[in-house]
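Read off the chains here:
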Amino acid sequence: MPLVGVLALQGDFAAHTRVLRGLGADVREVRTPAGLTGLDGLVIPGGESTTMTLGIEREGLGDPLRELAAAGTPILGTCAGMIMLDRDHLGIADWRCARNAFGRQIRSFEADLRIPGIDGPPVRAVFIRAPWIAEHGDDVEILASVDGHPVAARQGNLLAISFHPEIAGESRLHELFLREAAVRA
Ligand code: GLN
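Keep in mind that what you see is a predicted model, and the values were worked out from it rather than measured. (Residues numbered from 1 in each chain as written. Predicted model: local features only at pLDDT ≥ 70, side-chain atom pairs only at ≥ 80, totals over all residues. Heavy atoms only, no water.)

A. Structural detail: the site of the ligand. If you check the shell around the ligand, you find Gly-46, Gly-47, Glu-48, Ser-49, Cys-79, Ala-80, Ile-83, Arg-99, Asn-100, Ile-128, Arg-129 and His-164 and nothing else. Within the backbone of Ala-80, one N or O atom sits 3.0 Å away from an oxygen atom of the ligand. The protein chains hide 94% of the 300 Å² of surface that the ligand would expose on its own. More than half of the atoms belonging to the ligand lie within 2 Å of the grid points that define the largest pocket. Classifying every residue of the shell around the ligand by side-chain character gives four nonpolar, five polar and three charged. (Near = heavy atom within 4 Å. Polar contact = N/O pair within 3.5 Å; in protein donor to acceptor, adjacent residues only side chain to side chain. Areas by Shrake-Rupley, 256 points an atom, 1.4 Å probe, with all protein chains shown as cover. 1 Å grid on protein atoms, 1.4 Å probe; cavity = no way out; pocket = protein on both sides within 12 Å on 5 of 7 lines; lining within 4 Å. Sits in = over half its atoms within 2 Å of the grid points. Nonpolar A, V, L, I, M, F, W, Y, C, P; charged D, E, K, R; others polar.)

Now the structure itself:
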C-alpha cells in the first residue's frame, strides 16, 4: 500500500484521512514541508481557499508542493483543493477556477455524475459552495460537467473534483487515486 499525504492545514482533511485509511492506505497528515518527504500521493482537501492559501504561505509549502507535483506525484484536489491547484493559487494546474460558482441560491446540492475510469453506478457528488473550472488549457481533460460547467478534470498526475466524495460514502475516486499512488510506491 502506498504512503499518501493529506494536506491538513485547514478544511475537511480528517474525512479524507478516514476514507483513505479505510481503504488500507498508509496516511500522513501534512502540515510542514518535511511532511511531504517520501509521499507516493497527496490529497488537497476542501475547505476555504483563502485560509488555506495563508497557511501554505505561513508554512513555506508553496515551492515544496510545486516540486512534488512536478516530480509526477499523483495529487487529488477536491473543492478548495481544486482551487489551490489552479493558475491563480499554487499555479500547478493549467486551469482557473470560479469560486462559489454555483451562486448563492444553490450553495449546496447533490448530483449523480458519470466519470470515466469509475465503473458501476454513477458517482454521488455533494457540492458545497463549489467552484467550477472557468478556463483551462488544451492538456486538461474534462471528466464531468454540471450544466456545461466542468467539475472534474485530469491533467497528467493531477485529478481534481469540485465536490465532496469523502462525505457521501463514495470511495471510488480515492481508490482510483490510491491505484495511481501505488504505481509510485
Ligand atoms: N467556497 C470554498 C472556497 O472558495 C470552497 C468550498 C469547499 O471546499 N467546499 O474556498
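B. Main features of the nonpolar core. Val-4, Leu-20, Phe-102, Leu-113, Ile-115, Phe-127 and Phe-163 are the most contacted members of the largest nonpolar core, which has 34 residues in total. Of all the secondary-structure elements, those providing two or more residues to this core are β1 (3-7), α1 (13-22), β6 (108-113), β7 (123-128), β9 (141-146), β10 (149-155), β11 (158-161) and α5 (172-184). For this core, the element with the highest residue contribution is α5, accounting for five residues. In this structure Phe-102 touches Phe-109, Phe-127, Ala-130, Pro-131, Trp-132, Val-146 and Val-151, once residues within four positions along its chain are discounted. Judged by nonpolar contacts, the second largest core, of 28 residues, contains Ile-44, Ile-75, Ala-80 and Met-82. (Core = buried A, V, L, I, M, F, W, Y, C linked by side-chain atoms within 4.5 Å. Buried < 20%, exposed > 50% of the residue type's maximum accessible area, 1.4 Å probe, protein only. Helix = DSSP H or I, 4+ residues; strand = E, 2+ residues; numbered from the N terminus. Contact = heavy atoms within 4.5 Å.)

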